[in-house]
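# Coordinates in review
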Amino acid sequence: MNTLPTSDILKTPTARRDIPIPKCLADCLREEQKKSISKFVIADSNGQPLSLSQYRRLWKYVEVRSQKGRTYYKYVNGQSIKYTVKPYERGHQRNNHNIVYSIDFKVTPHILRHTYITNLLYAGVDPKTVQYLAGHKNSKTTMDIYAKVKYNKPEQLLGVVNQAFKQ
């Protein structure tokens, strides 16, 4: 496994960790790695990690595939005219048919992180393991932020309690 050099950029000591990912994602990343000139899946032209501005520019390639509405300005006879385009699922971008609108939610790196952690909790992974994977200092943080979304309706609790006591 490739390890990155120690960095002062990390928020906490627990931020540096190995994180298992689903096989389908690992396979996809391996395919991309074969095209890379460095040990990083995505690198700059010198094979180094992306700078913040390069990362933000790259993330735009993901965001543009979302189905969220977009506002544009067109200049007609010197006047700026505002118009909104609402992409539809599996539709193609007007000026670039290689771009397919395939994401039906506002996607951000934080939302992907939140989804990963929440799915682990829904799958029954113990809180201490999820704490490690989330990079939290303690499991209280993990449970306070993510576990509250699992069972927030009393009618959902009956099945959970019955399962816990095998009834």
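See above for the structure.
The structure contained in this document is the topic of the report that follows.

The rules behind the values
- Throughout this description, residue numbers start from 1 for each chain and increase along the sequence as written.
- For a predicted model such as this one, the threshold for reporting local features is a pLDDT of at least 70, and the threshold for listing and counting side-chain atom pairs is 80 or more; totals across whole chains, interfaces and linings nevertheless cover every residue.
- Excluding hydrogens and water, the side-chain figures rest on all heavy atoms present in the structure.
- We call a set of buried residues a nonpolar core when its members are Ala, Val, Leu, Ile, Met, Phe, Trp, Tyr or Cys and they connect through side-chain atoms within 4.5 Å of each other.
- The buried label applies to any residue whose accessible area, calculated with a 1.4 Å probe on protein chains only, is under 20% of its type's maximum; exposed applies above 50%, and partly exposed to all values in between.
- Strands are runs of DSSP state E lasting at least 2 residues, helices are runs of H or I lasting at least 4, and numbering of each runs from the N terminus.
- Directions from the helix axis toward the C-beta atoms define the arc.
- Contacts were defined at the residue level, with two residues in contact if any of their heavy atoms lie within 4.5 Å.
- Between N or O atoms, a polar contact is any pair within 3.5 Å; within protein, one atom must be a potential hydrogen donor and the other a potential acceptor, and residues adjacent in sequence are included only when both atoms are from side chains.
- Whenever Lys or Arg places a side-chain nitrogen within 4 Å of a carboxyl oxygen from Asp or Glu, that contact is recorded as a salt bridge.
- Method remark: on a 1 Å grid restricted to protein atoms, a set of points is classed as a cavity if a 1.4 Å probe fits but cannot get out and as a pocket if it is open with protein on both sides within 12 Å along at least five of seven lines; lining residues have an atom within 4 Å of a point.
- Grid points are joined across faces, edges and corners, and a volume is the space filled by probe spheres set on the points.
- With axes taken as lines fitted to C-alpha atoms, and helix axes fitted only over the stretch in contact, angles between N-to-C directions fall between 0 and 180 degrees.
- Orientation is classified from the angle alone, with under 35 degrees giving roughly parallel, over 145 giving roughly antiparallel, 65 to 115 giving roughly perpendicular, and any other angle giving oblique.
- Crossing handedness is read from the near helix: turned anticlockwise from the far helix by less than a right angle, it gives a left-handed crossing, and turned clockwise, a right-handed one.
- By the convention adopted, Pro, Cys, Tyr, Trp, Phe, Met, Ile, Leu, Val and Ala count as nonpolar, Lys, Arg, Asp and Glu as charged, and the other residues, Gly among them, as polar.

## Here we look at the nonpolar core
Formed by Ile117, Leu120, Leu121, Val130, Leu133, Ala134, Tyr146 and Ala147, the largest nonpolar core amounts to eight residues. Contributions of two or more residues to this core are made by helix H3 (109–122) and helix H4 (127–134).

## Overview of unusual backbone geometry
Of note in this structure, Asn77 is not a glycine but carries a positive phi near 50°. For Asn77, the location among the structural elements is in the loop between strand E1 (70–76) and strand E2 (79–85). Relative accessible area serves as the criterion here: at 77%, Asn77 is assigned to the exposed category.

## Re helix H5 (residues 139–146)
Listing the buried residues of H5 in full gives Ser139, Thr142 and Tyr146. Here the buried residues of H5 occupy an arc of 60° about the axis, which is enough to place them on one side. On its buried side, H5 packs onto H3 and H4. Capping the start of H5, Asn138 holds a side-chain oxygen 3.1 Å from the backbone nitrogen of Lys140, two or three residues further along.

## Digging into the pattern of salt bridges
This model, assessed by the stated rule, comprises six salt bridges. Of the charged contacts in the structure, one is a salt bridge between Lys34 and Glu31, with a shortest N-O distance of 3.0 Å. Highlighted residues: Lys34 and Glu31, both in helix H1 (residues 23–35), separated by three residues, approximately one helical turn. Across the salt bridge formed by Lys60 and Glu63, the nearest N and O atoms sit 3.4 Å from each other. With a gap of three residues between them, Lys60 and Glu63 both fall in helix H2 (residues 52–63), about one helical turn apart. Each of Lys23, Asp27 and Arg30 takes part in a single network of salt bridges with overlapping partners.

## Quick word on the layout of surface pockets
In this model, the second largest pocket occupies a volume close to 290 Å³. Lining the second largest pocket are Ile42, Tyr55, Leu58, Trp59, Tyr61, Val62, Arg65, Ile103, Phe105, Val107 and Leu112. When residues of the lining of the second largest pocket are assigned to their parent elements, the largest contribution, five residues, is made by H2.

## Focus: the packing of H3 against H4
For the pair H3 and H4, the least separation of the axes is 10 Å and the interaxial angle reads 165°. As far as their axial angle goes, H4 and H3 are roughly antiparallel. Of the two possible hands of crossing, H3 and H4 adopt the one that is right-handed. Between H3 and H4, the contacting residues are Arg113, Tyr116, Ile117, Leu120 and Leu121 on the first element and Val130, Leu133 and Ala134 on the second. Of the residues assigned to the contact of H3 with H4, the class counts are seven nonpolar, no polar and one charged.

In short, shape yes, function no, at least from these values alone.
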